[in-house]
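So you can see what is in the structure, the chains are spelled out below.
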Amino acid sequence: MIKEVAFVAIAVSDAERARKFYQETLELKPTMTGMEGAWVEYDLGTVTIGVGCHPAWKERGITFDMEKTETPVCWMAQFRDPDGNKLVVHKRKEK
């Protein structure tokens, strides 16, 4: 049974646009920045939100099985971890 979420990763297509949204619109303060600004983490109490730019993941050697795909309710992409487990990043569309 899941009792807690400590970390949420969000893939974005434009790091600068995401930074403006999270830091200016939502007024979150970055607690860690990496990959030359393509990855930013925001601590919110016991939860950390990590925001990363999709192209930066490719530069780190991540191979996508399914590139960014649009569905009626979201955008998603699928990749694999070093053991071959499939992972999906998902972003809901605004209503």
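Calculation rules
- Residues numbered from 1 in each chain as written.
- Predicted model: local features only at pLDDT ≥ 70, side-chain atom pairs only at ≥ 80, totals over all residues.
- Heavy atoms only, no water.
- Pairing = 2+ DSSP bridges.
- Helix = DSSP H or I, 4+ residues; strand = E, 2+ residues; numbered from the N terminus.
- Axes fitted to C-alpha atoms, helices over the stretch in contact; angles between N-to-C directions.
- Contact = heavy atoms within 4.5 Å.
- Salt bridge = Lys/Arg side-chain N within 4 Å of Asp/Glu carboxyl O.
- Buried < 20%, exposed > 50% of the residue type's maximum accessible area, 1.4 Å probe, protein only.

(A) Spatial organisation of the sheet that holds strand β2 (residues 30–34). Spatially, β1-β4-β3-β2 is the arrangement adopted by the four strands of the open sheet, whose pairing is mixed. Taken across any chain shown, the strands that pair with only one partner, and hence form the sheet edges, are β1 (7–12) and β2. The average angle at which neighbouring strand axes cross in this sheet is 20°, direction not considered. Bridge analysis of β2 against strand β3 (residues 39–44) gives four bridges, and the strand direction is antiparallel. Directly across from methionine 32, in β3, lies its bridge partner glutamate 41. Across the face of the sheet, helix α1 (residues 15–25) comes into contact with β1, β2, β3 and β4 (47–53) while running at roughly 15° to β3.

(B) Just the pattern of salt bridges, in detail. Applying the stated criterion across every chain yields a total of three salt bridges. In this structure, arginine 19 and glutamate 24 form a salt bridge, with 3.8 Å as the shortest nitrogen-oxygen distance. Two residues, arginine 80 and aspartate 65, come together in a salt bridge whose shortest N-O distance is 2.6 Å. Of the two residues, arginine 80 is situated in strand β6 (residues 74–80) and aspartate 65 in strand β5 (residues 64–70); the sequence distance between them amounts to 15 residues. A relative accessible area of 38% places arginine 80 in the partly exposed class.

(C) View of unusual backbone geometry. Phi at glutamate 27 is positive, roughly 60°, even though this residue is not glycine. Following the sequence through the fold, glutamate 27 ends up in the loop between α1 and β2. Here glutamate 27 falls in the exposed class, since its relative accessible area comes to 60%.

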